[in-house]
Amino acid sequence: MPGLVQSIERAAAILRLLASSAGRLGVGEIARSLDLPKGTAHGILRTLQAVGFVEQDKTSGKYQLGAALLHLGTSYLDVNELRSRSINWADPLAARSGEAVRIGTLLEGKVLVVHHVFRPDDSLQTLDVGALLPLHATALGKVLLAYDASTAATVLRGELEPYSRRTLVNPRALARALAAVRDAGWGAEVEEMTVGEAGIAAPIRGYGGLVVGAIGVSGAVERICDTKGQPNPTLVAYVRDAARAVSRDLGAARW
Amino acid sequence: MPERYVVSIDQGTTSTRCIVFDRRGQLVSVVQREHQQYFPKPGWVEHDATEIWRNVERIVPRAVAQAGAGPEQIAAIGIANQRETTVLWDRRTGVPYGNAIVWQDTRTDSLVDELARVPGVEAVSQRSGLPLATYFSGPRIRWMLDNTPGLRERAERGDVLFGTMETWLVWNLTGGPEGGIHITDVTNASRTMLMDITTLEWDPYLLSFFGIPASMLPEIRSSAQVYGTSRTVLPGVEIAAALGDQQAALFGQTCFAPGEAKCTYGTGGFLLLNTGRELVRSTHGLLSTVGYRIDGEAPVYALEGPIAIAGSLVQWFRDRLELISTAPEIETLARSVDNNGGCYIVPAFSGLFAPHWRSEARGVIVGLTSYITKGHLARAVLEATGWQTREVVDAMNADSGLALRTLKVDGGMTSDNLLMQFIADVLDVPVVRPMVAETVSLGAAYAAGLAVGYWPDLEGLRQNWHRAGQWLPAMDPQRRAQEYDNWQRAVERAFGWIKQPLA
Ligand SMILES: Nc1ncnc2c1ncn2[C@@H]1O[C@H](COP(=O)(O)OP(=O)(O)OP(=O)(O)O)[C@@H](O)[C@H]1O
């Protein structure tokens, strides 16, 4: 059958085999059942293990289906895990940019703030981890929407609440903005939520390129934007570097 | 003029890392390498000092190259190290006598029991500032001399050198058998039980009490001082600082004023309070230790409360109970319930450290009912770290007469928001996280940079410190008191579990 990817077929066969087996299976058993070279079976198992679809027993070295398969529909990366894995990159982003950093994920049509680093000026600031922000009026939200077609469709169909004169309340304008985010690989918001404030964000990707969150800086519009009102390219570069660094840590190969 | 940097080597329990810092105290590059952990018997933990030295030889040039710098751009090297881990080696060959005995190792427990009955033991704590315990290096040296055939004779002839990890690294960096400098810094020396905590010199009384020949011991130096010049790895660069890792974290957190404290939450938890020029003797189960000494200045003392089990309880929950698959998931699980359901875990896995020092205590889970879920257990795991911190802070306040006003935190557990909030709640003070997470490495870099004039003074270093996050206390005082009482009753139930075997 032309056009089919052989390694995916084999991976599917391994998953079926594990699903139908009463106990755990070793690499040798799997290779023999499918008539595959042991090295090939091992490579596929290691990949399936890396994405959480199979688990290896520490003592026997044998494999079984992974817990991730049971809740494929729910988010695969725990939000506290995301914070833990990105904390070492969020701090330098705040230090270099001089701005507050937030990391967000999608939660029920909102941005859930999972991590917040203060602006490094020692002024009085309050942690807003756990806060929910609107998707269409924040840089983090626009980035998350740009890579989630189904949530984007829901948001575009619904009421777009105006927070300021510049909030994108027209679905077509928002759809264009999301396309622009995908083209550029980052997104921004200039006084669309709060007058005088702006933000820049970029996607955090897990294995296979799945977007699992967004990281961004936000602050006074005159610091975030240049004199022409465009997001400052240096800050954009810092944000994208940090997003790439976290993504690499999470196992995204190309980012 | 090309940018100049400071190199810091953090020789830790599980790995060694080299970090290059710039003038603003920002991390420029980092290279890390793990070393093998040896567990030859229950309670024994060892490292191969030669492997650790080889790792240093490999990672330091790599980190400097990654920073895009050459040795001529490195202003100084600073070292922070796992404390109390003990190495003995041959002065002429540089070969260690067996593996290094690691700080977690409890093989000296029966030796320590014996020593506790020797006449004159009362003066040991008074002179060293430390309780007699397996935790410190002195008993380990004695154990090695007693248990390695021929070693004591060789030591008495002057052929054997002792060091903690910073001593071993400095000796090797400065030439090893060919003229290596044999020194230790005063913070590390203060953890041997062999140093007089007031004069900061080796104490002949303590040496004879433990039966250790003076010729093995390194010379005690300040923490920030040029010790010598590196002959390998980064030839020509000055080695300008060494501190025990927890003291380095105190320095990296810029706790320079009396009353300032930090707690590092990794495998264990280590709370250190700067007590200034004054040596505070604890009457509440804390250690008196040297915080740091800048050359030419008086030493700065600290009170320390080490907690043996903090993050390792989370690891136990993950690896032994298998209720979570990664450490951060403990927070997700804990948030699945609103409170601990009346359940408390006292993680006295190998006794309790500060402020109790009860080696016969063992872990307990109390308050179990049919209502308790794994969510409640997850809460109890995190709360154990909070309450252990509270006990140490209470002891510190009582000993120092200063009431702690904020706690600066660092280490892997600071990414846990629920835990950080809980610590603020039970201490009733703000908990603050700094922008540079690598405070141990930063502290060693700061001390080295200070010694060579790369940074002008402590005030300059303070300017580099920024608040990255802060948790404010929000717990109802009555509930706090009630919960603390429950915790203390749980701790009592952990005491006295291990008994001498029935004759
Ligand atoms: N989100 C979290 N919640 C609770 N505990 C955590 C979390 N993330 C990590 N930990 C715990 O923190 C510890 C790791 O912290 P860190 O990396 O600072 O320690 P370490 O490198 O082992 O320190 P040490 O220098 O003491 O060896 C582990 O014990 C782990 O269980």
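- The name given to chain B in an unreviewed UniProt entry is Glycerol kinase, with the source organism recorded as Planosporangium thailandense.
- In its Sequence similarities (unreviewed entry) section, UniProt records this for chain B: "Belongs to the FGGY kinase family."
- In its Function (unreviewed entry) section, the UniProt entry covering chain B states "Key enzyme in the regulation of glycerol uptake and metabolism. Catalyzes the phosphorylation of glycerol to yield sn-glycerol 3-phosphate."

- The name an unreviewed UniProt entry assigns to chain A is IclR family transcriptional regulator, from the organism Planosporangium thailandense.

## Concerning the pairing of strand β17 (residues 287-292) of chain B
If a strand is regular, its side chains alternate between the two faces of the sheet.
Residue and element names in this part refer to chain B.
So, point 1. Within β17, 6 of the 6 residues are buried, which leaves it mostly tucked inside the rest of the structure.
So, point 2. Alignment of β17 against strand β18 (residues 300-307), held across 5 bridges, turns out to be antiparallel. Within the sheet, the bridge partner assigned to T289 lies in β18 and is A302.

## As for the packing of helix α2 (residues 27-34) of chain A against helix α3 (residues 38-50) of chain A
Residue and element names in this part refer to chain A.
So, point 1. Relative to each other, α2 and α3 sit at 115°, their axes nearing to 9 Å. Relative to α3, the element α2 is oriented roughly perpendicular. In terms of crossing hand, the pair formed by α2 and α3 is right-handed. Here V27, G28, I30 and A31 of α2 come into contact with α3, specifically with K38, A41, H42 and L45.
So, point 2. Along the lines of polarity and charge, the residues of the contact of α2 with α3 split into 5 nonpolar, 2 polar and 1 charged.

## Notes on the UniProt feature "domain: HTH iclR-type" (unreviewed entry) in chain A
So, point 1. In this numbering, the UniProt entry assigns the feature "domain: HTH iclR-type" (unreviewed entry) to residues 5-67 of chain A.
So, point 2. End-to-end, the C-alpha atoms of residues 5-67 of chain A are 25 Å apart, and along that stretch the chain is 59% helix and 10% strand.

## Comments concerning the nonpolar core
Across soluble globular proteins, nonpolar side chains show a tendency to be buried alongside one another.
Residue and element names in this part refer to chain B.
So, point 1. L88, M195, I212, M216 and L407 are the most contacted members of the largest nonpolar core, which totals 113 residues.
So, point 2. In terms of residue count, helix α12 (residues 374-400) provides more of this core than any other element does, 11 residues in total.
So, point 3. Of the domains in this structure, domain 1 (5-236) and domain 2 (255-434 + 466-498) are the two that each give at least three residues to this core.
So, point 4. Non-local contacts of L407, meaning those with residues more than four positions away in its chain, are made with A261, K262, C263, Y265, L271, T389, I423, L427, V429, P430, V431 and V432.
So, point 5. The next biggest cluster of nonpolar side chains, apart from the first, holds 36 residues, and it includes C18, V20, A67 and L161.

## Thoughts on the UniProt feature "binding site: ADP" (unreviewed entry) in chain B
Residue and element names in this part refer to chain B.
So, point 1. Those places that UniProt annotates as "binding site: ADP" (unreviewed entry) correspond, in this numbering, to T13, R17, T267, G311 and G412.
So, point 2. Mapped onto the elements of the fold, T13 is located in the loop between β1 (5-11) and β2 (15-21).
So, point 3. What makes T13 buried here is its relative accessible area of 17%.
So, point 4. Note that R17 resides in strand β2.
So, point 5. Judged by relative accessible area, R17 falls into the partly exposed class, the value being 22%.

## As for the domain arrangement of chain B
Reports often express the size of an interface as the amount of accessible area lost when the parts come together.
Residue and element names in this part refer to chain B.
So, point 1. In terms of domains, chain B is made up of domain 1 (5-236) and domain 2 (255-434 + 466-498).
So, point 2. Between the C-alpha centres of domain 1 and domain 2 there is a distance of 27 Å.
So, point 3. With 22 residues of domain 1 in contact, the opposing surface of domain 2 contributes 18 residues.
So, point 4. Buried area between domain 1 and domain 2, summed over both chains or domains, comes out near 1600 Å², and the portion from carbon and sulfur atoms is 58%.
So, point 5. Three residues stand out in domain 1 for area buried against domain 2, namely Y135, I197 and L200, and they jointly supply 25% of the buried area on that side.
So, point 6. On inspection of domain 1 and its partner domain 2, the count reaches 2 salt bridges.
So, point 7. Note that R83 is salt-bridged to E304, the shortest N-O span being 2.7 Å.
So, point 8. Taken together, the links from domain 1 to domain 2 amount to 12 residue pairs in polar contact (both at pLDDT 80 or more).
So, point 9. Contributing elements (two or more residues each) for the side of domain 1 that touches domain 2: α3 (122-128), α7 (186-189) and β13 (224-229).

## So, the domain arrangement of chain A
So, point 1. Domain annotation of chain A identifies domain 1 (6-71) and domain 2 (79-249).
So, point 2. Relative to domain 2 of chain A, the C-alpha centre of domain 1 of chain A lies at a distance of 38 Å.

## What about the pairing of strand β6 (residues 87-90) of chain B?
Residues and elements named next belong to chain B.
So, point 1. A two-sided burial pattern is seen for β6, the buried positions comprising V87 and W89 on one face and L88 and D90 on the other.
So, point 2. Bridge count between β6 and strand β8 (residues 160-163): 4 bridges; the pairing is antiparallel. If you follow L88 over to β8, its bridge partner there is F162.

## What about the UniProt feature "domain: Carbohydrate kinase FGGY C-terminal" (unreviewed entry) in chain B?
So, point 1. UniProt tags residues 261-451 of chain B as "domain: Carbohydrate kinase FGGY C-terminal" (unreviewed entry).
So, point 2. Summarising residues 261-451 of chain B: 35% helix, 21% strand, and an end-to-end C-alpha distance of 23 Å.

Rules and cut-offs
- Residues numbered from 1 in each chain as written.
- Chains lettered and ligands numbered in written order.
- Predicted model: local features only at pLDDT ≥ 70, side-chain atom pairs only at ≥ 80, totals over all residues.
- Heavy atoms only, no water.
- UniProt positions renumbered as here; feature names shortened; annotations may be inferred.
- Buried < 20%, exposed > 50% of the residue type's maximum accessible area, 1.4 Å probe, protein only.
- Helix = DSSP H or I, 4+ residues; strand = E, 2+ residues; numbered from the N terminus.
- Pairing = 2+ DSSP bridges.
- Axes fitted to C-alpha atoms, helices over the stretch in contact; angles between N-to-C directions.
- Parallel < 35°, antiparallel > 145°, perpendicular 65-115°, else oblique.
- Left-handed = near helix turned anticlockwise from the far one by under 90°.
- Contact = heavy atoms within 4.5 Å.
- Nonpolar A, V, L, I, M, F, W, Y, C, P; charged D, E, K, R; others polar.
- Core = buried A, V, L, I, M, F, W, Y, C linked by side-chain atoms within 4.5 Å.
- Domains from an automatic or database assignment.
- Buried area = accessible area lost by both parts, 1.4 Å probe.
- Salt bridge = Lys/Arg side-chain N within 4 Å of Asp/Glu carboxyl O.
- Polar contact = N/O pair within 3.5 Å; in protein donor to acceptor, adjacent residues only side chain to side chain.

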